[in-house]
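Overview (structure and organization)
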Amino acid sequence: MYRIPLFCLSACLLTAAGCATETYSPTSPADEGGDDGSADPGEGGDDGDDDQDDPQDSDDEEEEEEQQEEEEPVFEPFTGDWVVTESDLTQDGCGLSEYVDRGEPGSVMTLEVTDPGDFEVTWSAGGEVMLCSVYDDLLYGCDTTYDTSDIASEYGLAADILVQVDVEGEFTTTEEMTQSSLITLDCEGDDCGLVSLFMGASFPCEMMMESTFDAQTD
């Protein structure tokens, strides 16, 4: 019997396998014109520009807000005389209610607008001047004032009564307002002990006056 050498058989098998490999060639997607899945940046893509805010729009909005704030009218009360229509001494820690002539009904003060939001008040009795400002919701406050009362010297006593006044209030209209005056009294001098004994006051002490004012528009 004729026998094929083993190495020849192996060579034939390898040759056949090689032929089969070359014969089977699956068609690639690229050869059939298919889509390889990669997106064309030029077709249907979003370059992201549409989602970005325009800085110019923000600048325009800020300018509009600033213009609206500038255009808001500043509250301006009536310039002229104001008279106290009602008053109440709500606190008298000094026991000196009979000596209080500030803020009693009929008392007159002159109001003058000095700047937007600022005004000056001068009391007819004594000429006391207060510098005030409207700060929020028609509320206002005034700079603290300091004065010296001559009540003790009228009785021949060597003492001065120091007066500190803190004022705040509210405008209900341009021609009506309320006012709270906190009056703090202290004594300075050799006869302060006699002043306390004579007047029945213990220094320092506080008094509070609540008043209502109407502008004299006539």
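Residues numbered from 1 in each chain as written. Predicted model: local features only at pLDDT ≥ 70, side-chain atom pairs only at ≥ 80, totals over all residues. Heavy atoms only, no water.

In this section: the side chain of D191. Relative to the elements of secondary structure, D191 occurs in the loop between β8 (176-188) and α4 (192-199). Ignoring sequence-local partners within four residues, the contact set of D191 consists of L157, A158 and A159. (Helix = DSSP H or I, 4+ residues; strand = E, 2+ residues; numbered from the N terminus. Contact = heavy atoms within 4.5 Å.)

Looking now at the environment of E210. Inspection of the secondary structure puts E210 in strand β9 (residues 205-215). Judged by relative accessible area, which is 32%, E210 ranks as partly exposed. Apart from the residues within four sequence positions on either side, E210 is in contact with E86, S87, D88, T90, Q179 and S180. Polar contacts involving the side chain of E210 include one to the side chain of S180, which spans 2.5 Å. (Buried < 20%, exposed > 50% of the residue type's maximum accessible area, 1.4 Å probe, protein only. Polar contact = N/O pair within 3.5 Å; in protein donor to acceptor, adjacent residues only side chain to side chain.)

Together, D60, E61, E62, E63, E64 and E65 give the surface a local cluster of negative charge. Following the sequence through the fold, E65 ends up in helix α2 (residues 55-71). For E65, a relative accessible area of 49% puts it in the partly exposed group. (Patch = residues over 30% accessible without salt bridge, like charges linked within 9 Å, V, L, I, M, F, W, Y side chains within 5 Å. Areas by Shrake-Rupley, 256 points an atom, 1.4 Å probe, with all protein chains shown as cover. Salt bridge = Lys/Arg side-chain N within 4 Å of Asp/Glu carboxyl O. Lys, Arg positive; Asp, Glu negative; His and termini not counted. Charge placed at Lys NZ, Arg CZ, Asp CG, Glu CD.)

By themselves, these figures tell us nothing about what the structure is for.
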